[in-house]
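Structural overview for review
Here is how the chains run, residue by residue.
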Amino acid sequence: WMVLASLALLLGFGSEGGYEDQLVSGTDEQRAQAASFLGAQREVRAVPALVSALGDPVPAVRAKVAWALGMMGARQALLPLAACLSDSSTRVRQQAGLALMQLEDPGAIGALEAALRAEPDVWVRGDLQRALSHLRQFEGEADLSEGGFR
């Protein structure tokens, strides 16, 4: 914890909302680091800022943002993440597919199936197939929200 706190201060994330500020106004590297830190810390209050950052012009930032949303299990990001399955960047498409898998919401299955059919990259196709296989086990389940066990 101390290492992460020290890293946060070193990167300039000391104040309330600082992570979200860096996500918007930092350098390319700072924006990617902010997304990574928010995801690692599961800062769910930052989900709206992260969803907005899926539109960042830099693919490395969009990929980190998708990863962060998956780490948080941010189900409210399902549709924006599904839209990233058609991103021009291979890395963003891959991270979006993996993030959708982490949401464990079968509502993503249709988007993943469509993306799998259109995906030109063999590695991304493998991850999309893995995400589909994982999500299919949750089809037909009632939403148990935070209190449920899987």
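Our subject in this report is the structure included herewith. A quick note: this is a predicted structure, and the numbers were derived from the prediction, not measured.

1. Details of the overall build of the chain
Scanning the chain from N- to C-terminus turns up nine helices and zero strands. Reading the chain from its N end, one meets helices and strands in the order α-α-α-α-α-α-α-α-α. Each of the 150 residues in the chain was classed as buried or not, and the buried ones make up 43%. Summing over all exposed atoms, the chain offers an accessible surface of approximately 7,900 Å²; the carbon and sulfur share of this is 56%.

2. What to know about unusual backbone geometry
Even without being a glycine, arginine 42 presents a positive backbone phi close to 55 degrees. At glutamate 104, a position not held by glycine, the phi torsion is positive, near 55 degrees.

3. Quick notes on the pattern of salt bridges
Summed over the entire model, instances satisfying the criterion amount to eight salt bridges. The closest approach of N and O atoms between glutamate 20 and arginine 45, which form a salt bridge, is 2.6 Å. Of the two residues, glutamate 20 is situated in helix α2 (residues 18-25) and arginine 45 in the loop between α3 (28-41) and α4 (47-53); the sequence distance between them amounts to 25 residues. With its nearest N and O atoms 2.8 Å apart, the salt bridge here joins glutamate 113 to arginine 136. Highlighted residues: glutamate 113 in helix α8 (residues 109-118) and arginine 136 in helix α9 (residues 122-136), separated in sequence by 23 residues.

4. A look at α9
An α-helical turn contains 3.6 residues, so any two residues separated by three or four positions project in the same direction. Across its 15 residues, α9 extends 21 Å between first and last C-alpha, which sits within 8% of the 21 Å expected from 1.5 Å per residue. Among all positions in α9, only Val124, Asp127, Leu128, Ala131, Leu132 and Leu135 are buried. Within α9, the buried residues cover an arc of 140 degrees as seen down the axis, which keeps them to one side. Facing away from the buried side of α9 by over 90 degrees, the exposed positions are Val122 and Trp123.

5. Brief notes about the packing of helix α5 (residues 59-72) against helix α7 (residues 90-103)
Relative orientation of the contacting elements α5 and α7 amounts to 5 degrees, with a least axis distance of 8 Å. On the basis of the axis angle, α5 is roughly parallel to α7. Contacts between α5 and α7 pair Pro59, Ala60, Arg62, Ala63, Lys64, Ala66, Trp67, Leu69, Gly70 and Met71 from the former with Arg91, Val92, Gln95, Ala96, Ala99, Gln102 and Leu103 from the latter. Of the residues belonging to the contact of α5 with α7, the class tally is 11 nonpolar, three polar and three charged.

6. Some details on the side chain of glutamine 95
Looking at where glutamine 95 falls in the secondary structure, it is placed in helix α7. Exposure remark for glutamine 95: the relative accessible area of 19% places this residue in the buried category.

7. Some details on the nonpolar core
Residues Leu23, Leu50, Val65, Leu69, Leu81, Leu100 and Leu112 are the most contacted members of the largest nonpolar core, which totals 44 residues. Leave out the neighbours within four places in its chain, and leucine 112 touches Leu85, Gly97, Leu100, Leu128, Ala131, Leu132 and Leu135.

8. Here's the deal with the side chain of serine 89
Mapping serine 89 onto the fold places it in the loop between α6 (78-83) and α7. By relative accessible area, serine 89 is classed as buried at 12%.

9. Some thoughts on the packing of α7 against α9
Here α7 crosses α9 at 10 degrees, and the two axes come no closer than 8 Å. Of the possible angle classes, the one that applies to α7 and α9 is roughly parallel. The residues of α9 that touch α7, namely those facing Thr90, Arg93, Gln94, Gly97, Leu98, Leu100 and Met101, are Trp123, Val124, Asp127, Leu128, Arg130, Ala131, His134 and Leu135. Classifying every residue of the contact of α7 with α9 by side-chain character gives eight nonpolar, four polar and three charged.

Reading the values: the criteria
Residues numbered from 1 in each chain as written. Predicted model: local features only at pLDDT ≥ 70, side-chain atom pairs only at ≥ 80, totals over all residues. Heavy atoms only, no water. Helix = DSSP H or I, 4+ residues; strand = E, 2+ residues; numbered from the N terminus. Buried < 20%, exposed > 50% of the residue type's maximum accessible area, 1.4 Å probe, protein only. Areas by Shrake-Rupley, 256 points an atom, 1.4 Å probe, with all protein chains shown as cover. Salt bridge = Lys/Arg side-chain N within 4 Å of Asp/Glu carboxyl O. Expected span 1.5 Å × (residues − 1). Arc of directions from axis to C-beta. Axes fitted to C-alpha atoms, helices over the stretch in contact; angles between N-to-C directions. Parallel < 35°, antiparallel > 145°, perpendicular 65-115°, else oblique. Contact = heavy atoms within 4.5 Å. Nonpolar A, V, L, I, M, F, W, Y, C, P; charged D, E, K, R; others polar. Core = buried A, V, L, I, M, F, W, Y, C linked by side-chain atoms within 4.5 Å.

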